[in-house]
Amino acid sequence: MVDDSLTVQYASMETSELVMLHQSGTLTEAAYPLLESELSRRNVPIGPRPAPAELPPELPFFSGHWTGVHSAQSALVFVAGLVPALLALISYGAVVLAETFYPSASISRVLPIMLEVLILVYLVFAFVAVWRCARNSETTLSMWWTRWEGLGLVLSYGLATLIFLRNAIVRLGDS
């Protein structure tokens, strides 16, 4: 069906248009044989197929989200959801381990503060990443919904982690 429509379309085009289309490198593997068949029917010499256009390299996870290149869904699921949850679990585990194995060491006092700063920095990153990636939403309404949803996720995970770390800091200060 698609082959028939392409064959009809190529038959209605000028020879110069067909040659330019062949040289463009934008055709699919299914379209090239049909175009080459039409060129052969017209006794036009067929040159080699051009190399397919290369896609730009994918940006790494963090820089791609920071610049807003990745999808809004990726920003919500990973940047605002999964990574903050993992940071919260890692923070909890690190503080509990430090309190258990090194209760009087300075690491038990410094670790919650360091983790609190790390979480704050990540929350700023997450908010900016979700805000920028939301531009890749299909509609303006979904863009704003993504931004609000991302803000809610960032704040909920972030505040829960920060409250836990603040309690750990206060608890260690009292001991």
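Scope of this entry: the structure provided in the associated data block. (Residues numbered from 1 in each chain as written. Predicted model: local features only at pLDDT ≥ 70, side-chain atom pairs only at ≥ 80, totals over all residues. Heavy atoms only, no water.)

1. Remarks on the packing of helix H2 (residues 15–24) against helix H3 (residues 31–41)
- Close contact between H2 and H3 brings their axes to 10 Å; oriented N to C, the two are set at 145°. In the packing of H2 onto H3, the handedness of the crossing is left-handed. The segment H2 lies against H3, with Leu18, Val19, Leu21 and His22 engaging Tyr32, Leu35, Glu36, Glu38 and Leu39.
- The class makeup of the residues in the contact of H2 with H3 is 6 nonpolar, 1 polar and 2 charged. (Axes fitted to C-alpha atoms, helices over the stretch in contact; angles between N-to-C directions. Helix = DSSP H or I, 4+ residues; strand = E, 2+ residues; numbered from the N terminus. Left-handed = near helix turned anticlockwise from the far one by under 90°. Contact = heavy atoms within 4.5 Å. Nonpolar A, V, L, I, M, F, W, Y, C, P; charged D, E, K, R; others polar.)

2. Side note on the side chain of Ser91
- One can find Ser91 in helix H5 (residues 72–101).
- Excluding anything up to four places from it in sequence, Ser91 contacts Leu115, Ile119, Thr161, Phe164 and Leu165.

3. Thoughts on the environment of Ala30
- The topology assignment puts Ala30 in the loop between H2 and H3.
- A sequence separation of 24 residues divides Ala30 from Leu6, and the C-alpha atoms of the two residues are 9.9 Å apart.

4. Brief notes about unusual backbone geometry
- The phi dihedral of Asn43 falls on the positive side, at around 60°, and the residue is not glycine.
- Of note, Asn43 is situated in the loop between H3 and helix H4 (61–66).
- On the accessibility criterion, Asn43 (69% relative accessible area) is exposed. (Buried < 20%, exposed > 50% of the residue type's maximum accessible area, 1.4 Å probe, protein only.)

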